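Residues per chain, in single letters:
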Amino acid sequence: MSTTTLAVLVPLLPFLGAVAGLLLGRGAPGFVRPLAVLPTLGAAVLAVLVAVRQGGGATIDTATELTPTGSVPIELSLNIDGFAALVAVLVGVVATCVQLYSTAYLREDPRYPSYAALVSLFTSAMLLVVYSGDLMVLLVGWEVMGICSYFLVGHYWETEAARSASLKAFLVTKLGDVPFLIGLFALATDAGSFRITKILDTVAAGGLDHPTLIALLLLAGVAGKSAQFPLHTWLPDAMAGPTPVSALIHAATMVAAGVYFIARLLPVFAASRAALVVMAVMAAITMIGSALAALAQDDIKRVLAYSTVGQLGYMTGALAVGDRGAAVYHLLSHGAFKALLFLGAGVIIHAAGTNSLAAMSRMDCLAKRIPDAFWTMTLALLALAAIPPFAGFFSKEAVLVAAEQTALGHTDSAPSSAGWLILVAGVLTALLTAAYATRLWLMAFRGRGAAAPDHGKEPVAMTGVLWLLAVPTVGLGLAAGPLGDWFDGQQLTPTVATSVLGTGAALIGVLLTYGLWQRATARLATAPAPVGPAAAAAATDTPAVTATVSAATAAAESAAETPEVAEVTHEHPAVPAGPAPDPGRALLGPLHRHAADGFHLDAVYDSLFVRPVRGAASLVRFLDREVVDTYVRGAGTGTRLLGSLVRRAQTGNVQTYLSALLAGAVVLAIATAVLANVNAGS
């Protein structure tokens, strides 16, 4: 079988699995799990075969015209280089892990058949984006992912949070998709084709008439899809969906699609140095802002969500300095350890019965109850914090090296200002990332208080997947050398300067967070335990307490009431209320309140966009009801009055009708005579 045929089957298998799952989900429930797992597993195996055959060599490029358009043709085409081959492997592996994990995690969910089919369709759409060589076909996969995310994030549609989150994700990404679509048409108009190869040839020949405008329009769509500032606000709220969906969206699909799109068309963006500077500013703000917000979150999934936003900022930063190899390398390593983190968080929620880190910090022995999740999440958090020799260290260093080379003028692929911006923001974010990773680990696994309930071992389908993802989390960094052929032959090795800067910043973040946590824990342990009504006030007034009783309790209750927690967890005793040692509050100080609320961006957008739109809608409704409807009702009233007058003449008396007919004839005769005399006189 040819490589082209194998590549066509990669997105086709999950699509067929999704269709079959939707058709057979209710009538033959026994087939649902095999139809969810096997097609996705088959796609992952075929993606590996395609990557091996491609081998980092010549790009596989083939096309056939889909339909004549009369102007710019639309073609079914494949364009598979080393980057596409590796990203497809990531998508296939992570999607297979998510499907396997979901068979246990959502085993009691009555809507599991539709869920599994949507995950398969989601996977197929992302694989279409990865392999497509035509931008219009890529756009199909791009939009299918958007509608799948709407349904999957809103899986628990009974709750207001899930409904709002799904709608917000859909609308915010569509807000970016409008300029994105305009940019695609402008790009195709200048290049005369939607084919990626022809577009890149046009760029190389200097054939783009409006490179800055096109790049900025496309960047708006990428900002929405990949959750970059200022269109990132939908991603933390998307945690209302099931945890395996979060793993799929954050690790291998949707949010990775925007970064991958820029990597495919990087010469288009590099044609405008102004666009690269805008991209660098966007990436720097995203990195730092999301890392600060992650330090203030209590929901373990929201911490990981803001972490994803920040890591995508690293990838965008690498692209802003013109290095797509570093960006895709970090995309691959991040996909592995972020999928592990989310699926591990699902095991923690399954065991603890809550999403709240404050509640977990009041549980003892949680790490002993779930040793598989404890060890694998520890590895993943080390990778996230970029501690050597884990994958995150090497991929993050590749980004910092690219920024350093640009900042020092060793490459002219991007302005040096963009390099300095990404380098400084990247080092600062490395410190903050290590800090919130350490905070998550301490609060989740080093709690003190009532013993965590013991429900025995977690299902093998959940824990086995964690160990499978731990392999690339540990080993992908060491594979940077052998993978060089798939990265245009580029060496992705760290330098001494960036290693010292990045690792030093990470170690400072780890040690600082650990020290603050120890101090808060010690003060909390030695503080006298108040009783009665004074307990809450004492907890609030104690400076060592870094989260108030009311805040911690409210967060725990809110997390425990989510449908996911109720559905996938066992019966749990109530978590004792009380203060929780949170080093995040001590690190952020007065900034904590603002960071916990995402720096109030939702409130800003509400004031700038939502309220004016609602006001305009209210005005239109008023005009429709009070003005337009008034005329409509008036026309109806006039017609009814005229009808009532005419109805009075209908007496049923023949003599009356004949009299009226005679009177009318006389009137007409008189009128005719008068008009004749008038005309004769004139």
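Let me sum up the structure you'll find in this document.

What counts and how
Residues numbered from 1 in each chain as written. Predicted model: local features only at pLDDT ≥ 70, side-chain atom pairs only at ≥ 80, totals over all residues. Heavy atoms only, no water. Helix = DSSP H or I, 4+ residues; strand = E, 2+ residues; numbered from the N terminus. Buried < 20%, exposed > 50% of the residue type's maximum accessible area, 1.4 Å probe, protein only. Axes fitted to C-alpha atoms, helices over the stretch in contact; angles between N-to-C directions. Parallel < 35°, antiparallel > 145°, perpendicular 65-115°, else oblique. Left-handed = near helix turned anticlockwise from the far one by under 90°. Contact = heavy atoms within 4.5 Å. Nonpolar A, V, L, I, M, F, W, Y, C, P; charged D, E, K, R; others polar. Phe/Tyr/Trp six-rings, centres within 6.5 Å; stacked < 30°, edge-to-face > 60°. Pairing = 2+ DSSP bridges. Polar contact = N/O pair within 3.5 Å; in protein donor to acceptor, adjacent residues only side chain to side chain. Salt bridge = Lys/Arg side-chain N within 4 Å of Asp/Glu carboxyl O.

### Some words on the overall build of the protein
Stage number 1. Assigned secondary structure in the protein consists of 29 helices and 4 strands.
Stage number 2. Principal axes of the C-alpha set define a box for the protein whose edges measure 115 × 75 × 55 Å.
Stage number 3. The burial tally for the protein puts 53% of its 682 residues in the buried class.

### Side note on the packing of helix α4 (residues 112-131) against helix α5 (residues 135-153)
Stage number 1. Two numbers describe how α4 lies on α5: the axes approach to 8 Å, and their chain directions differ by 155°. The pairing of α4 with α5 is recorded here as roughly antiparallel in orientation. By crossing handedness, the relation of α4 to α5 is classed as left-handed. On the side of α4, the interface is formed by Tyr115, Leu118, Val119, Leu121, Phe122, Ala125, Met126, Leu128 and Val129, while α5 contributes Val137, Leu138, Val140, Gly141, Trp142, Val144, Met145, Cys148, Ser149, Phe151 and Leu152.
Stage number 2. Residue composition of the contact of α4 with α5, by class: 18 nonpolar, 2 polar and no charged.

### Structural notes on the packing of aromatic side chains
Stage number 1. By the definition in use, this model includes 14 aromatic pairs.
Stage number 2. When the centroid spacing of 6.1 Å and the interplanar angle of 75° are considered together, the rings of Phe185 and Phe194 count as edge-to-face.
Stage number 3. Ring centres 6.1 Å apart and planes at 50° place the aromatic pair Tyr605 and Phe609 in the tilted group. Of this pair, Tyr605 and Phe609 both sit in helix α28 (residues 601-648), 4 residues apart, roughly one helical turn.

### Here's the deal with the pairing of strand β1 (residues 60-67)
Stage number 1. By the bridge criterion, 7 bridges tie β1 to strand β2 (residues 74-80) in an arrangement that is antiparallel. Residue pairing for β2: Thr64 is matched across the bridge by Leu76.
Stage number 2. Remark: 6 residues form the turn of the hairpin made by β1 and β2, two consecutive strands paired antiparallel; Gly70 in that turn has positive phi of roughly 85°.

### Regarding the environment of Arg302
Stage number 1. Of note, Arg302 is situated in helix α14 (residues 300-320).
Stage number 2. Arg302 sits in the partly exposed class, given a relative accessible area of 21%.
Stage number 3. Residues Arg302 and His232 lie 70 residues apart in sequence; the distance between their C-alpha atoms is 13 Å.
Stage number 4. Beyond its immediate chain neighbours, meaning those up to four positions away, Arg302 contacts Pro236, Asp237, Met239 and Gln297.
Stage number 5. Within polar-contact distance, the side chain of Arg302 engages the side chain of Asp237 at 3.2 Å.

### Brief notes about the pattern of salt bridges
Stage number 1. On inspection of all chains with the given rule, the structure shows 13 salt bridges.
Stage number 2. Put simply, Arg264 and Asp81 hold a salt bridge, and the shortest N to O gap is 3.7 Å. One end of the pair, Arg264, is in helix α11 (residues 255-264); the other, Asp81, is in the loop between β2 and α3 (82-105), with 183 residues separating them in the sequence.
Stage number 3. According to the relative accessible area criterion, Arg264 is buried, its value standing at 6%.
Stage number 4. Glu158 serves as the salt-bridge partner of Arg111, at 3.0 Å between the closest nitrogen and oxygen. Within this pair, whereas Arg111 is found in the loop between α3 and α4, its partner Glu158 is found in the loop between α5 and α6 (160-191), the two being separated by 47 residues in sequence.
Stage number 5. For Glu158, a relative accessible area of 45% corresponds to the partly exposed category.
Stage number 6. Salt bridges linked by common partners bring Lys168, Asp237, Arg302 and Asp602 together as one network.

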